[in-house]
Amino acid sequence: MKSHVRVVVVGGGVVGVNILYALAKKGWSDVVLLERRELTSGSTWHAAGLMSIYSTSYHASKLYMGSHEVYAQVEAETGQSVGFHRCGTLRLASTRDRLDEYLHYVDIADSFGAKVQIVGPADVRRLWPLVEKTSDLEGALYHPEDGHAAPADVTQALARGARLLGAEIHRQTEVTGIEHASNGEWRVKTAQREIVCEHVVLATGSFARQNAAMLGLDIPVVPVVHQYLVTEDLTELLEGRKNGSPEMPILRDDTVPGYIREEGRALMFGPYDENPPLWAPDGVPADYAGELLAPDIDATLPHFERAVARVPRLGMIGVKTCVSGPIAISPDNRPLVGPAWDHANLWLAEGFTGGIAMGGGIGRALAEWIVEGEPGIDLHEFDPRRFGAYANKRYASIKSREAFGNNFGVNFPDWEWPAARPLKTSPCYDVMARRGAVFGATYGWEIPRWFAPEGAEREDRPSYRRSNAFEPVREECRAARERVGLYDLTSAAKYELSGKGAAAWLDRQLATWLPRRKGEMGLGYVLTPSGGVLCEFTVTRLDKDRFYLVGSTAAERHNFDVLAKALPPDANVTLRNVTATLGAFAVVGPQARELLASLSDADLSNAAFPWCSARRIAVGLVSDILALRTNYVGELGWELHHPLSFQNHLLTALLASGKAHGLSLVGSRAVEALRMEKSYPALWRDLTAEHTLVESGLSRFIDAQKPDFVGREALLKQSSEGVSRRLVVLRMASGEANPYQNETVYRRGKPVGRITSAAHAHTIGTCLAHAFVAAKHAVEETEVEVAVLGERRHARIVSPSPWDPRNLRPRA
């Protein structure tokens, strides 16, 4: 065993071995995997080996496809089979909502090259002859490229491939400690010896919480129990093999919910328990070596009975085996992949429900991130820093059970998970609730999504089509455009930067201009080495060496961690997260100035308080408000950042004075529609690490005169050589269903791009979308088509900012 290496991967399941292999493929052969068990198959002992490309997430689907590519590659390199059966997947839709989800998947599949089709009941019976009941089906989604692999074969092939490239694997080697030395090196301790390395990757499955705790990290991953049954042999399958019949697709039935696939000459049935039991929530036993858990076949019976209703033959044969084991789950059913917070060169790859399906794509992306400084695909959906300190063990236990139990839930665009809520609330939460707020949750915060009129139902009815929120949102948009609206920004991530070196340091981090004078503000972007967007802030200069940064709610920990890890080693720059101490309201609309003037003695005129500037003002009895003349809806308005203890007084005063001006409370869905009318991009939808500022149409913000900032060379190269894709604005007729995100854009029948954001523009009366489109087609007035629930809708590329294109209203 080497004592000095570049990377130590802790954990030898299929995910860990994928990472090891990918690092070795990148040329880092000086890497080691430490596995506490005898075999490197890790937790794959009970995995069903399902390899589906299906996800309504564009990036998840890309990662699934990446796994197929990696396993084919390692099989070719090593000559060792991964046991892949390309039998396809057949997903049944028993409701119209479920069929809409599958139609949406067809809409996005062309954007990443997947071949799928919607089929009818007759096709279901042809593809799965053992299905007898189809009268309740609306249709089904058939994915011929899906399949299943042998978990142990995949793991062993990867292990062989990694070894051939020079990597080492050490079994029966338990990690007993991990320390970060003052010189930046990591020291990984085992019973045999200590290994010094540059990077540590934790990919430890059910041991995730325990291993992270060695480093003081409380990661939101807990194991739940999953079971599947294997039947006795079926004569039909025996006869089919003799006759050369193909293997039936993996059958996923949303009425069960669960999957059925062939397992040799038998059937495997895997139900997803809606209320799965936790396993070892207080820590995995020290003597646990990956063995099976005691089966609880009675727990599978309700699902089994529903499966038999679909496939009666399943109930006519005996059950040979009930396999039970733990699967480590995160609160949103997505793995935690990427940098750990507060620690440099510590990486997480934990919480996989489908390590076989996603492991190859994740391993490759994480290796790129470690070796090259960024992954080749945007991983924000999986970044461990998407959760904050609120996501403790109890939270993770509640949410992970919810997430696993909803594996077969319809993935509505506007679905809000209900468990463990409300958690984080603004002081104004009760006032908003009394006024009809229908809340959603982001980063633990309760945020008004829309406001139900008096007497109306105060509950979301999520849909891929127009929901019950459509008319209330229209009225909120009208108020902001015609009168005055107020929306709560308390959840926005807020940071204060200070110190005699603050200005020079921040200027080096940003690709954009730094505000030069006190009271000036502007947009700031932190980039990846290739020029992609890592962080976005509104930057306000409070004083010579003091700045106030406001970012996305969901990016609170992410942004802080990115900045904190870049801080200089001296004490000349101090960064503080002040999110929990400051509230914020946005007051927007043509009458915003009149409303604020009725409560404040401050001079709010253009001369004294111009657009994109900041002043300290008093409103009502609140004397310490930082007012920023900016907003996200493109109207005259101010953001009022205030001490949280004064929030309810401030809101009461604004509501009382607002009556005379037609003030309306506005939710986040109205803000979303309004920002689309102004073509304002959104972080992690239109602005991601995959797309540069040049591609995103934000070149005007780049300060190319700076001698040094991350991504500078890539941006200058793109500016001179051109780009292959551009972010454009699409205008199309609005219908009962509209695009949402990731739908394919076509030009003369061929895919040329994908949607990143879309909404019905209530002020304009049409649907607007942002899309990345191949550069040669990204020309105004170009006619394209957009996939919308199975139809191709005509659209046209138009100039940015269809509403107020000269941007006069914010400056009014």
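Here the structure is shown first, and the text comes after it.
Report follows, based on the coordinates. All figures in this text were calculated on a predicted structure; none of them were measured in a lab.

### What to know about the overall build of the chain
Phase 1: A tally of helices and strands in the chain yields 18 helices and 37 strands.
Phase 2: In summary, the chain has a C-alpha radius of gyration of 27 Å against a globular reference of 28 Å for 812 residues, a match within 12%.
Phase 3: By principal-axis analysis of the C-alpha atoms, the chain measures approximately 85 × 65 × 50 Å.
Phase 4: By residue count, 60% of the 812 residues in the chain fall in the buried class.

### Comments concerning the pattern of salt bridges
Any two side chains of opposite charge can pair, given that their charged atoms come close.
Phase 1: Under the counting rule described, the total for this entry stands at 50 salt bridges.
Phase 2: Among the salt bridges present, the one from D218 reaches R209, with a minimum N-O distance of 2.6 Å.
Phase 3: On the accessibility criterion, D218 (35% relative accessible area) is partly exposed.
Phase 4: Here D282 ties to K393 by a salt bridge, and the two come within 2.6 Å at their closest N and O atoms. Note that D282 is positioned in the loop between β15 (266-271) and α8 (297-310) and K393 in helix α10 (residues 393-405), a separation of 111 residues in sequence.
Phase 5: Residue class for D282 comes out exposed when judged on its relative accessible area of 69%.
Phase 6: In this structure, a network of salt bridges that share partners links the residues R96, D100, R465 and E736.

### Here's the deal with a nonpolar patch on the surface
Phase 1: Taken together, the side chains of I297, L301 and V319 present a nonpolar region at the surface, about 200 Å² in accessible area.
Phase 2: Mapping I297 onto the fold places it in helix α8.

### Some thoughts on the packing of helix α1 (residues 14-25) against helix α2 (residues 58-78)
Phase 1: Across the interface, α1 lies against α2 with an axial gap of 12 Å and an inter-helix angle of 70°. By the angle class used here, α1 and α2 are roughly perpendicular. Relative to α2, the crossing made by α1 is left-handed. In this structure, α1 uses V14, N18, Y21 and K25 to contact α2, whose residues at the interface are V70, Y71, Q73, V74 and E77.

### Re the sheet that holds strand β26 (residues 574-577)
Phase 1: One open sheet accounts for 5 strands, arranged β23-β24-β25-β22-β26; its pairing is antiparallel. Bordering the open sheet on either side are β23 (521-527) and β26, each of which pairs with just one other strand. Neighbouring strand axes in the sheet, compared pairwise and without regard to direction, differ in orientation by 30° on average.
Phase 2: As paired strands, β23 and strand β24 (residues 533-543) are joined by 7 bridges and run antiparallel to one another. Among the inter-strand pairings, Y525 is bridged to a residue of β24, identified as E536.
Phase 3: Against the sheet, helix α14 (residues 556-565) contacts β22 (493-498), β23, β24, β25 (546-551) and β26, and its axis sits at roughly 75° relative to β24.

### Some remarks on the packing of aromatic side chains
Phase 1: In the structure shown here, the tally under the stated rule is 21 aromatic pairs.
Phase 2: Following the ring pairs from residue to residue traces out a cluster consisting of Y54, Y58, Y102, Y105 and F112.
Phase 3: Positioned over the ring face of W341 is R557, at 4.0 Å from the centre of the ring.
Phase 4: Sitting over the ring of Y58, R754 keeps its end group 3.8 Å from the ring centre.

### Observations concerning the sheet that holds strand β35 (residues 766-774)
Phase 1: Here we have 6 strands rolled up into a closed barrel, ordered β32-β35-β34-β33-β36-β37, and antiparallel in their pairing. Adjacent strand axes in the sheet meet at a mean angle of 45° when their direction is disregarded.
Phase 2: Of the strand pairs in this sheet, strand β32 (residues 725-732) and β35 are connected by 8 bridges, and their pairing is antiparallel. Among the inter-strand pairings, R726 is bridged to a residue of β35, identified as V773.
Phase 3: Across the sheet, helix α17 (residues 668-677) lies against β34 (750-761) and β35, angled at about 120° from β34, the strand it touches most.

### Re the side chain of T782
Phase 1: Structurally, T782 is set in the loop between β35 and β36 (783-788).
Phase 2: At 2.6 Å, the side chain of T782 forms a polar contact with the backbone oxygen of V779.
Phase 3: Not counting the four nearest positions on each side in its chain, T782 is found in contact with R747, H777, A795, R796 and I797.

### Some remarks on the pairing of strand β27 (residues 582-588)
Within a regular strand, side chains alternate between the sheet's two faces.
Phase 1: Within β27, 6 of the 7 residues are buried, which leaves the element mostly enclosed by the surrounding structure.
Phase 2: Relative to β27, strand β21 (residues 484-488) runs antiparallel, the two being bridged by 4 bridges. Bridging across to β27, D488 finds its partner in F585.
Phase 3: Here β27 pairs with strand β30 (residues 637-643) via 7 bridges, running antiparallel. Directly across from L582, in β30, lies its bridge partner P643.

### As for the side chain of D100
Phase 1: Mapping D100 onto the fold places it in helix α3 (residues 96-112).
Phase 2: Take D100: its relative accessible area is 1%, and that puts it in the buried class.

### Some details on the layout of surface pockets
Unoccupied space between atoms shows up once a probe the size of one water molecule is rolled over them.
Phase 1: Counted as a void, the second largest pocket has a volume near 710 Å³.
Phase 2: As for the second largest pocket, its lining consists of 33 residues, and the residues nearest its centre are W369, G373, R385, L534 and V562.
Phase 3: Within the residue set of the lining of the second largest pocket, elements represented by two or more residues are β18 (346-350), α13 (502-509), β23, β24 and α14.
Phase 4: Per-element accounting of the lining of the second largest pocket gives the leading share, 5 residues, to α14.
Phase 5: Tallied by class, the residues present in the lining of the second largest pocket amount to 19 nonpolar, 7 polar and 7 charged.

### Observations regarding the nonpolar core
Phase 1: Within the largest apolar cluster, 85 residues are counted, with the highest numbers of intra-cluster contacts made by Y105 and L730.
Phase 2: Y105 has contacts with I53, Y54, S55, S61, F112, A114, V116, L141 and H143, leaving out every residue within four places of it along the chain.

### What about the pairing of β22?
Phase 1: Among the 6 residues of β22, 5 are classified as buried, and the element is accordingly described as predominantly covered.
Phase 2: Relative to β25, β22 runs antiparallel, the two sharing 6 bridges. By the bridge assignment, E496 is partnered in β25 with Y548.

### Comments concerning α14
Phase 1: For α14, a buried count of 7 out of 10 residues is recorded, marking the element as mostly surrounded by other parts of the structure.
Phase 2: Taken residue by residue, α14 has E556, R557, H558, N559, D561, V562 and L563 as its buried positions.

Definitions and limits used
- Residues numbered from 1 in each chain as written.
- Predicted model: local features only at pLDDT ≥ 70, side-chain atom pairs only at ≥ 80, totals over all residues.
- Heavy atoms only, no water.
- Helix = DSSP H or I, 4+ residues; strand = E, 2+ residues; numbered from the N terminus.
- Rg over C-alpha atoms; globule rule 2.2 N^0.38 Å.
- Buried < 20%, exposed > 50% of the residue type's maximum accessible area, 1.4 Å probe, protein only.
- Salt bridge = Lys/Arg side-chain N within 4 Å of Asp/Glu carboxyl O.
- Patch = residues over 30% accessible without salt bridge, like charges linked within 9 Å, V, L, I, M, F, W, Y side chains within 5 Å.
- Areas by Shrake-Rupley, 256 points an atom, 1.4 Å probe, with all protein chains shown as cover.
- Axes fitted to C-alpha atoms, helices over the stretch in contact; angles between N-to-C directions.
- Parallel < 35°, antiparallel > 145°, perpendicular 65-115°, else oblique.
- Left-handed = near helix turned anticlockwise from the far one by under 90°.
- Contact = heavy atoms within 4.5 Å.
- Pairing = 2+ DSSP bridges.
- Phe/Tyr/Trp six-rings, centres within 6.5 Å; stacked < 30°, edge-to-face > 60°.
- Lys NZ or Arg CZ within 6 Å of the ring centre and 35° of its normal.
- Polar contact = N/O pair within 3.5 Å; in protein donor to acceptor, adjacent residues only side chain to side chain.
- 1 Å grid on protein atoms, 1.4 Å probe; cavity = no way out; pocket = protein on both sides within 12 Å on 5 of 7 lines; lining within 4 Å.
- Points joined across faces, edges and corners; volume = space filled by probe spheres on them.
- Nonpolar A, V, L, I, M, F, W, Y, C, P; charged D, E, K, R; others polar.
- Core = buried A, V, L, I, M, F, W, Y, C linked by side-chain atoms within 4.5 Å.

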